[in-house]
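# Structural features, examined
Okay, here's what each chain looks like letter by letter:
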Amino acid sequence: MLHDTLKMIDSELRKTDDLLARRRGNDCRFSARRVSNIESAANLKTCIQTEGWHPIDTEFSISDIPQLIANLGGDQLYGHDNMAALREIIQNAMDSVRLRQIVDPQASSQLVEVELINENDSCILKVRDNGVGMSEFSIVENLLSFGKSGWLNDTAIGEYNDNFPHKNNVSGRYGIGFFSIFMLGKKIEIKSRRFDSSPDQTTLLSFPEGLNTRPLLCGAEYTDRMTAGGTEISVHLDIEKLEKGFWHSETKYEFWSVSENGIKVLSEAISKSFPTSNVPVKVKNGDICEIIDGRNWETEPVSDFLKRVEGDLYLSESGVPFESAVSLIKEDSGEIVGRATLYPDRLSNRYHPDKSISGTVASQGAKICTGSFRGVLLGTPVRAARDFASLLASSDAIQKWATEQASLLQKITSKDEEQESIAEQISSLGGNIGDLKFCEIGGIYYSKNELLDFLKQKDEVWVVFNAAASLGRPTDKPSCTTDYCISVGYGVRVFINVPILARSFPEFKNQKALNEIALEIISEEFNIPDNVMKKITKIEDGHSVYVASAPTWQGDDGIIGYVDGQYFKRNMSLADVDPFFIPEVQRNNELN
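Read on for an overview of the structure. Within each chain, residue numbers correspond to sequence positions counted from 1 in written order. Local features in this predicted model are restricted to residues of pLDDT 70 or higher, and side-chain atom pairs are both shown and tallied only at a pLDDT of 80 or more, whereas totals for entire chains, interfaces and linings draw on every residue. Hydrogens and waters are ignored; side-chain quantities use all the structure's heavy atoms.

Our focus in this paragraph is the pattern of salt bridges. Each reported salt bridge corresponds to a side-chain nitrogen of Lys or Arg within 4 Å of a carboxyl oxygen of Asp or Glu. Per the stated rule, a full pass over the model turns up 24 salt bridges. Of the charged contacts, one joins Glu-232 and Lys-126 as a salt bridge, the two residues approaching to 3.4 Å between their closest N and O atoms. Of this pair, Glu-232 sits in strand β6 (residues 230-236) while Lys-126 sits in strand β2 (residues 122-129), and the two are 106 residues apart along the sequence. The exposure class assigned to Glu-232 is buried, which follows from its relative accessible area of 16%. The numbering of helices and of strands both runs from the N terminus, where a helix is a DSSP run of H or I of at least 4 residues and a strand a run of E of at least 2. Only protein chains enter the accessibility calculation, which uses a 1.4 Å probe; a residue is then buried when its area is under 20% of its type maximum, exposed when over 50%, and partly exposed in between.

Here it is, written out as structure tokens:
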């Protein structure tokens, strides 16, 4: 620890002494300019004695840094996503622009520009910003330091404003996003000028052969000098590599192509990737130009909002009726944490996820992951790959919004099956499903009040999992469901799509499966004590301990078909549950 502390002191002394020498000459330098024998812990022992132990340098070292960067800053981190690198470059540019507004409020209007340039047989992607820019020191110490976030470590920027942003206010915080650029091509050129420096301090950084050779750093020639602060990144796209990886990509965008539709593909890809960004993006190719602007996502017309979020998957006809249910998600403080609506299953394409509409969880304007809703919820990325986020919305805010959705969508959705799918989503979020239909009896769907009226006329009922009922339907003859067996959904819906290895699923207060709602109504109307309900619904190792053969289907010939379920009767006691006990051995055999 002493050696590490002295190394830090040595570094500060050297930097300060170098600064004094350059600014004030040799007459104003420190007398003590470095720490002696700091090269290693063993050398330090010559001037600082130890007793009973020997200092050994156990600092981590990496033998193949380019390979590490290629692995952790490319496909190994981001997977097969042909938009990941472009997204990271644009995010860095947006961070730079946001910081410029903080440290230089009088700066010109914030803007990021993305341009495709076709030269002979090559294609160059340029990303420009009018942000804070980088000095030569910042490029060396921060940009090229793998794992070190430049914006969060550039103390020079902090000189200009006491409100230097917290790490949650910038997208880049892991210090590895820049290196994803080599997923696009090997030849990279970066030109940058700090916003408070002169044009002759424009710095050029180039990677002629990617990470295989050392990058070249130099001052810009007169014709290359930047007239204003900011950064320009040029990537000579490796088209062959991009086209080869296109078919494996999770987001299929040939953003490098320019066809008769101009820059539509590139523009849409950026639009979906930054649906709520407060920094506009100008997309160019020759004379063709489009502006992507998400600053008014909270108030703009719903159709414009959803078109930007969903792109070519926007449902112009079948989805329009549900747009009236798009509403703001607010905390009690008034903070807006989302704008979204739920939708029935028929609008999704479960067999082709890449063609299925989904909502976006966004952070600092950028898409992080998707969810089973339409619109946007705000979140915070929890992994370096920025492929999963925790929601900013509290469980209370989500629950309140879900309950409002029940009322709005019940008026829009006329089909019972669609009401059931929406009810399942709402109950999974802890909301009140209101008057939505949520269970089926004898081919008829019932709401909560309708189920209660039905139960008042019965002394006993059976409850089955709706999927099990469907699987148990006779296939050799016409049949219909019986009028004393309740078919209802079990389990809760996934709201935020979680990567397989994330191992973190959002939970919401008071979330319920639809069968829990049905059982609450049954227990109250049939006057069944809590301990009896707890016993009959007991689960061990994923299997029900008590199972009843539920008369679920009745064929035209009068024969009844049975499905495993649960039995309830009025004033049911603990002793009434015992006949339905399934021994552990039998349960294990069924599992196998």
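In this section: the sheet that holds strand β3 (residues 188-193). Two strands form a pair only when DSSP identifies at least two bridges running between them. Taken in spatial order, the eight strands line up as β5-β4-β3-β6-β2-β1-β7-β8 in an open sheet, and their pairing is mixed. Each end of this open sheet is capped by a strand with a single partner; those strands are β5 (216-219) and β8 (288-292). With strand direction ignored, the average angle separating the axes of adjacent strands in the sheet is 15°. Judged from the four bridges that link them, strand β1 (residues 112-119) and strand β7 (residues 281-285) form a sheet pairing that is parallel. Looking at β7, one finds that Glu-113 is bridged to Lys-282. The strands touched by helix α5 (residues 84-103) within the sheet are β1, β2, β6 and β7, with β2 carrying the most contacts at an inclination of about 25°. Between N-to-C directions, angles cover 0 to 180 degrees, with each direction set by a line fitted to C-alpha atoms, over the stretch in contact for helices. Pairs of residues are marked as contacts when any of their non-hydrogen atoms sit within 4.5 Å.

All right, on to the side chain of Ser-192 then. Turning to its location among the elements, Ser-192 is positioned in strand β3. Take Ser-192: its relative accessible area is 0%, and that puts it in the buried class. Aside from chain neighbours lying at most four places away, what touches Ser-192 is Gly-133, Met-134, Gln-201, Thr-202, Thr-203, Met-226, Gly-230 and Thr-231.

The next subject is the packing of aromatic side chains. Whether two aromatic rings pair depends on their centres lying within 6.5 Å, for rings of Phe, Tyr and Trp, where Trp uses its six-membered ring; planes under 30 degrees apart make the pair stacked, over 60 edge-to-face, and the rest tilted. Inspection of the entire model under this criterion finds 11 aromatic pairs. Measuring from centroid to centroid gives 5.8 Å for Phe-495 and Phe-508, while their planes differ by 80°, and the two rings are edge-to-face. Of the two residues, Phe-495 is situated in the loop between β19 (485-488) and α16 (514-525) and Phe-508 in the loop between β19 and α16; the sequence distance between them amounts to 13 residues. Both residues of the pair, Phe-495 and Phe-508, belong to the buried class.

The first and last C-alpha atoms of helix α13 (residues 416-428) sit 18 Å apart over 13 residues, in line with the 18 Å expected at 1.5 Å per residue. Within α13, 11 of the 13 residues are buried, which leaves the element mostly enclosed by the surrounding structure. Turning to α13, its buried residues are Glu-418, Gln-419, Glu-420, Ser-421, Ile-422, Ala-423, Glu-424, Gln-425, Ile-426, Ser-427 and Ser-428. Looking one or two residues past α13, Gly-430 carries a phi angle of roughly 85°, positive in sign. Helix span, expected: 1.5 Å multiplied by one less than the number of residues in the helix.

Distances and angles like these do not, on their own, reveal function.
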